[in-house]
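Overview (structure and organization)
One letter stands for each residue in the lines below.
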Amino acid sequence: MHPCKPTSAGVSLLLCRFIQLGKHQIPERFGTTAVQICQFVISTDERGGHVNPAVTAVLYILGKISFTHSLLYCVAQTLGAAVGAALSYIVYVEAINDFDGGTRSVFGTNTSTGMIFASFPGPHLSNTGAFIDQMAGTGLLGLFVAFFCEQRNQIPSYLQPSFFGMIAAMVGVSYSMNMGSPINPASDLGPRIFGAMFGYGMEMFTYQNYFFWVPVVAPLVGAVIGAYSYVIFIGLHIPEPAQPHIESNEELKPLS
């Protein structure tokens, strides 16, 4: 693995969080889709790019990267998301202060702003329900990642960023009612750590019986289940491409 690969993943997620936290004038899901496409374009080369630990987990179980490299990616992704959140906070801190009067609240009040940086469940949702929600969303993501990684499907690499963006939009539109659609442990955990350090305190982690672990663990589980589902029910049944037949006009000469 080239040493710049985890770095590019971190920088891509930095840009993702910086842009996502700042979107306002455009529809949220359209903005998220555009960000997803751009970050994949930035981080993708001939070896592929992944800016989501759930995707990294899928690539690991498919044998595309080693365990050590997968850990490096996850660390870079989380750090990138935290720095992106910090940059966005610098830009919008005055607007946040104007909205909440300088009194930081995580979630549940009319002036809460903690949800800017991390996901929190709706009042109707338990931690168990949130876990299932995130498993469902990232299950779809993992299935499609496995589909793209299958060379026999012959998906052109230049189309993959657009496909990933559309998948992110699909998951977001379909599974965002309960708690938004984080489906990315790094983009949730990194900004959550930043928020806890700069004004919001440990409630970022203790809210609703330590809910914070759900959007970190559930996407990993869901993505792996989705990837294995593709391999078992689809991937194993794809025929091998036919080998090209090469004809030769040369006559065989006897050995002398």
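Residues numbered from 1 in each chain as written. Predicted model: local features only at pLDDT ≥ 70, side-chain atom pairs only at ≥ 80, totals over all residues. Heavy atoms only, no water.

1. Topic: the overall build of the chain
Counting its secondary structure elements, the chain contains 9 helices and 0 strands. Traced from its N-terminal end to its C-terminal end, the chain shows the element sequence α-α-α-α-α-α-α-α-α. With 256 residues in all, the chain has 46% of them scored as buried. Of the contacts formed within the chain by residues at least 6 apart in sequence, a portion of 74% connects residues at least 24 apart. Accessible area for the chain stands at about 13,800 Å²; split by element, carbon and sulfur atoms hold 65% of it. (Helix = DSSP H or I, 4+ residues; strand = E, 2+ residues; numbered from the N terminus. Buried < 20%, exposed > 50% of the residue type's maximum accessible area, 1.4 Å probe, protein only. Contact = heavy atoms within 4.5 Å. Areas by Shrake-Rupley, 256 points an atom, 1.4 Å probe, with all protein chains shown as cover.)

2. Looking at the UniProt feature "transmembrane region" (unreviewed entry) in the chain
UniProt records the feature "transmembrane region" (unreviewed entry) for residues 71-92, 130-149, 158-177 and 210-236 in the present numbering. Secondary structure content for residues 130-149 is 100% helix and 0% strand, while the C-alpha to C-alpha distance between its ends is 28 Å. (UniProt positions renumbered as here; feature names shortened; annotations may be inferred.)

3. Structural notes on unusual backbone geometry
Not every positive phi belongs to a glycine, and glutamine 208 is a case in point at roughly 45°. Since its relative accessible area comes to 27%, glutamine 208 is described here as partly exposed.

4. Notes on the nonpolar core
One finds Val55, Val58, Leu59, Leu141, Val145, Phe148 and Ile167 to be the most contacted residues of the largest nonpolar core, which totals 19 residues. Elements represented by at least two residues in this core include exactly α3 (53-61), α5 (127-149), α6 (160-174) and α9 (214-233). One finds Ala85, Ala86, Val106 and Tyr207 within the second-largest nonpolar core, a separate group that totals 14 residues. (Core = buried A, V, L, I, M, F, W, Y, C linked by side-chain atoms within 4.5 Å.)

5. Thoughts on the packing of aromatic side chains
Counted by the stated rule, this structure contains 14 aromatic pairs. Relative to tyrosine 207, the ring of phenylalanine 107 has its centre 5.7 Å away and its plane inclined at 80°; by these criteria the two rings are edge-to-face. Remark: tyrosine 207 occurs in helix α8 (residues 203-210) and phenylalanine 107 occurs in the loop between α4 (67-100) and α5; sequence separation between them is 100 residues. Accessibility expressed as a relative area gives 21% for phenylalanine 107, which makes it partly exposed. Members of the aromatic cluster, joined through ring pairs, are Tyr89, Phe117, Phe194, Phe198 and Tyr200. Across from the ring centre of phenylalanine 120, 5.0 Å away, lies the NZ or CZ of arginine 192, which sits over that ring. (Phe/Tyr/Trp six-rings, centres within 6.5 Å; stacked < 30°, edge-to-face > 60°. Lys NZ or Arg CZ within 6 Å of the ring centre and 35° of its normal.)

6. Details of the environment of glycine 139
Looking at where glycine 139 falls in the secondary structure, it is placed in helix α5. Considering only alpha carbons, one finds glycine 139 and isoleucine 225, 86 residues apart in sequence, at a separation of 6.1 Å.

7. Some details on the side chain of serine 187
Positionally, serine 187 belongs in helix α7 (residues 185-200). The class of serine 187 is buried, set by a relative accessible area of 7%. Separated by 3.1 Å, the side chain of serine 187 and the backbone oxygen of asparagine 184 make a polar contact. (Polar contact = N/O pair within 3.5 Å; in protein donor to acceptor, adjacent residues only side chain to side chain.)

8. Some points on the pattern of salt bridges
This model, assessed by the stated rule, comprises 3 salt bridges. One salt bridge connects glutamate 150 with arginine 152, and the closest N-O pair in it is separated by 2.8 Å. (Salt bridge = Lys/Arg side-chain N within 4 Å of Asp/Glu carboxyl O.)

9. Some remarks on the packing of α5 against α9
For the pair α5 and α9, the least separation of the axes is 6 Å and the interaxial angle reads 40°. Here α9 runs oblique to α5, going by the angle between their axes. Relative to α9, α5 is oriented so that their crossing is right-handed. Of α9, the residues touching α5 (which contributes Asn127, Ala130, Phe131, Gln134, Met135, Thr138, Gly139, Gly142, Leu143, Ala146 and Phe147) are Val214, Val217, Ala218, Pro219, Val221, Gly222, Ala223, Ile225, Gly226, Ala227 and Tyr230. Across the contact of α5 with α9, the residue classes break down as 15 nonpolar, 7 polar and no charged. (Axes fitted to C-alpha atoms, helices over the stretch in contact; angles between N-to-C directions. Parallel < 35°, antiparallel > 145°, perpendicular 65-115°, else oblique. Left-handed = near helix turned anticlockwise from the far one by under 90°. Nonpolar A, V, L, I, M, F, W, Y, C, P; charged D, E, K, R; others polar.)

10. Some thoughts on a nonpolar patch on the surface
Taken together, Tyr210, Trp213, Val217, Val221 and Ile225 make up a surface patch of nonpolar side chains, about 420 Å² in accessible area. Among the elements that make up the nonpolar patch, the one with the highest residue count is α9 (3 residues). In this structure, valine 217 sits in helix α9. (Patch = residues over 30% accessible without salt bridge, like charges linked within 9 Å, V, L, I, M, F, W, Y side chains within 5 Å.)

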